[in-house]
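Secondary and tertiary structure notes
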Amino acid sequence: MADTTQKQKGGGGDSQDKSSGEGGQKLKKKGEELKAEMDSLVDEIDEVLEENAEEFVKNYVQRGGQ
Amino acid sequence: MAVPKVMGTEIEYGITVRNDRDFDPISSCVLLVNAYREDHDAKILWDYDQENPLADARGFQVEGEKYTPNQQENIARNKTLINGARYYVDHAHPEYSCPEVTNVRDLVIHEKAGERIVEISRREAQALLPEGAEMLVYKNNSDRKGNSYGSHENYLMDRRTSFKQIVEHLMPFFVTRQVYSGAGKVGSENRAQPCEYQLAQRSDFYETEVALDTMVKRPIINTRDEPHADREKYRRLHVIVGDANMSEYTIYLRNGATALVLSMIEDGAITRDLTLRDPVRAIKEVSHDPTCKREIQLDRGAKVTAVQLQKEFLDLALTYTASRDVDPITRDVLDKWQHVVEALERDPMELSREIDWVIKKSLIESFMERKGLDWESSQTQMLDLQYHDIRPDKGLYNLLERRGQVERITDDAAITRAIHHPPEDTRAYFRGMCLKRYAPQVFGVNWDSISFAIEDEPIKRILMAEPLKGSKVHVDDLLSTSPTAAELVKNLRA
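Quick summary incoming for the structure in this document.

1. Looking at the pairing of strand E18 (residues 442-446) of chain B
Consecutive side chains along a regular strand alternate between the two faces of the sheet. Residue and element names in this part refer to chain B. Here E18 lies mainly inside the structure; 4 of its 5 residues are buried. Here strand E3 (residues 45-46) pairs with E18 via 2 bridges, running parallel. Bridge pairing in E18 places Leu45 opposite Gly444. Sheet topology note: the E18/strand E19 (residues 449-452) ladder contains 4 bridges and is antiparallel. Across the sheet, residue Val442 finds its bridge partner in E19, namely Phe452.

2. Some thoughts on unusual backbone geometry
Residue and element names in this part refer to chain B. Notably, Arg144 is not glycine yet its phi reads approximately 65 degrees, a positive angle. Its identity is not glycine, yet Lys217 carries a phi of approximately 40 degrees, on the positive side. Within the secondary structure, Lys217 sits in the loop between strand E13 (206-211) and strand E14 (218-222). Owing to 11 C-beta atoms within 10 Å, Lys217 belongs among the exposed residues under this scheme.

3. Quick word on the environment of Leu45(B)
All names here are of chain B. With respect to the helices and strands, the residue Leu45 is situated in strand E3. On the basis of neighbour counts, which here come to 19 C-beta atoms within 10 Å, the residue Leu45 falls in the partly exposed class. For the pair Leu45 and Asn190, spaced 145 residues apart in sequence, the C-alpha to C-alpha distance is 37 Å. In contact with Leu45, other than residues within four places in its own chain, are Gln71, Asn74, Ile75, Phe443 and Gly444.

4. Quick word on the sheet that holds E18(B)
Through backbone hydrogen bonds, the strands of a sheet pair up, either in parallel or in antiparallel fashion. Residue and element names in this part refer to chain B. An order of E3-E18-E19-E20 is seen for the 4 strands of this open sheet, with the pairing classed as mixed. Whereas interior strands pair on both sides, the edge strands pair on one side only; in this sheet they are E3 and strand E20 (460-463). Sitting on the sheet, helix H14 (residues 428-438) is in contact with E18 and E19, with an inclination near 165 degrees to E18.

5. Regarding the sheet that holds strand E1 (residues 7-12) of chain B
Residues and elements named next belong to chain B. The sheet built from 6 strands is open, its strands ordered E6-E7-E8-E1-E10-E15 with antiparallel pairing. Here the strands that pair on one side only, and so sit at the sheet edges, are strand E6 (78-80) and strand E15 (234-239). Each strand of the sheet is rotated relative to its neighbour by a mean of 20 degrees, with strand direction disregarded. Direction of pairing for E6 relative to strand E7 (residues 86-90): antiparallel, over a ladder of 3 bridges. When the sheet's bridge partners are listed, Thr80 is paired in E7 with Arg86.

Rules behind the numbers
Throughout, a residue's number is its position along its own chain's written sequence, starting from 1. For naming, the first written chain is A and the first written ligand is 1, with later ones following in the order written. Since the coordinates come from a predicted model, pLDDT governs what is reported: local features require at least 70, and pairs of side-chain atoms require 80 or more to be given and counted, while whole-chain, interface and lining totals use all residues. For every residue, the other C-beta atoms within 10 Å of its own C-beta are counted; 20 or more classify it as buried, 12 or fewer as exposed, and values in between as partly exposed. C-beta atoms are placed from the backbone. Numbering of helices and strands runs from the N terminus; a helix is a DSSP stretch of H or I covering at least four residues, while a strand is a stretch of E covering at least two. Two strands qualify as a pair provided that DSSP identifies no fewer than 2 bridges between them. Here contacts are defined at the residue level, using C-beta atoms placed from the backbone and a cut-off of 7 Å between them. Between N-to-C directions, angles cover 0 to 180 degrees, with each direction set by a line fitted to C-alpha atoms, over the stretch in contact for helices.

This is how it looks when you write it as structure tokens:
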């Protein structure tokens, strides 16, 4: 019962502006999370990416197969 | 009535040894394949008597020499595994042919188990190399210098369906499925138009529509007619127009949609004329357009995008399955096919967790943006190559998987299990169990036979012309009442 009351209170108090503001905040937060995820991915790639990429790529030569 | 779509894949891996001036691909492949150890150390032949890669599905035999290695070379180059797979040296590449499976979930599991097996053997082989030398293996299809190696799919088909019908309906499907089955590639090669990034690794290499060749002048549809099963009843469609995919989701959809379309061809359910005017040109145009908006021309004059053509096939598939009992995996394939086609229509980059070429493009673009690189940069090209590195710690696809940034179809436990266990519902079960139980007496193996050398008796060859027979249900009693190979052969005769 207490739960329901709290939810109703929270819901009733919201104005239209405030909820779109929250939406905007959420979107911003999501954007920041994505950016942080990308940053940490790029950092991890940096750690494992082969050094001397130019020479590495140049030397990767295969014989044709099927 | 369509026959069950028993299927499998054959992947040729790229291989190199760094810091080894004497690097020779063939001896490195032999080292790699032989570094893989199973419980037994029996020397088992691959049975080339059963092979005929020169038979053409259009009804003739092509002249040429059949490859038959001597016994020692045969054993050095071929390993048949207890999971029912064949791991071997094909020309200058290590190749893994997964065991026959009946559904795309098992296909993903067994293709992925193949990657793990190659990686296990790479680590073992690495320990035998001189200090400083490093063996690297890539699950891709091109060195970006005009050399390509294959990744083939095989599907069981009804012999009664004419090859002409297969070609007619399959061509537009094969030209356009790369919008979700491509593994992505930076740049172009083989005298194709220049581009920054394209959908598929192999599309620059198709030079003709239909042919038997696989190594030169590659065709979109390959005519090899080697059923590895009862040739009165079946064909094995040998598909060479595909990429080596890293993404489980992509592998699942690639084989799932293809299997569905093949069943529809068998049942006469492709009722629209989707013939393309110039498939060889179109396959390159589609590959070179990551926006997926470019139109290609139908023979009847209209222009459509590859995604629209895939939508046509999907619509036909939805109609086809609406009146049939459809298993849950096929239902799931249809859902995923729909999800992917709709996303491709809106914005292909939405599929950066599902589809290989998008996953790779998204990864490369993030890196380029933060590092100020362009498509010509060596580091960009390195990212492309390293996406396919099979090492768990260095491979970039594997890195994304570990970070939970790609959709999965299965899990590590199922993949690990498939390293040691054959699928239970095809003849691969019998093959694998025979190797597990009777390896010292196994003389030779092929997809549709296994032969035994028991003391000084003549070699006994057991034929397995039905891909669905030899399953656990069929042979577990036989195996459990046959503690030795001699008893197995005796019980089979009884």
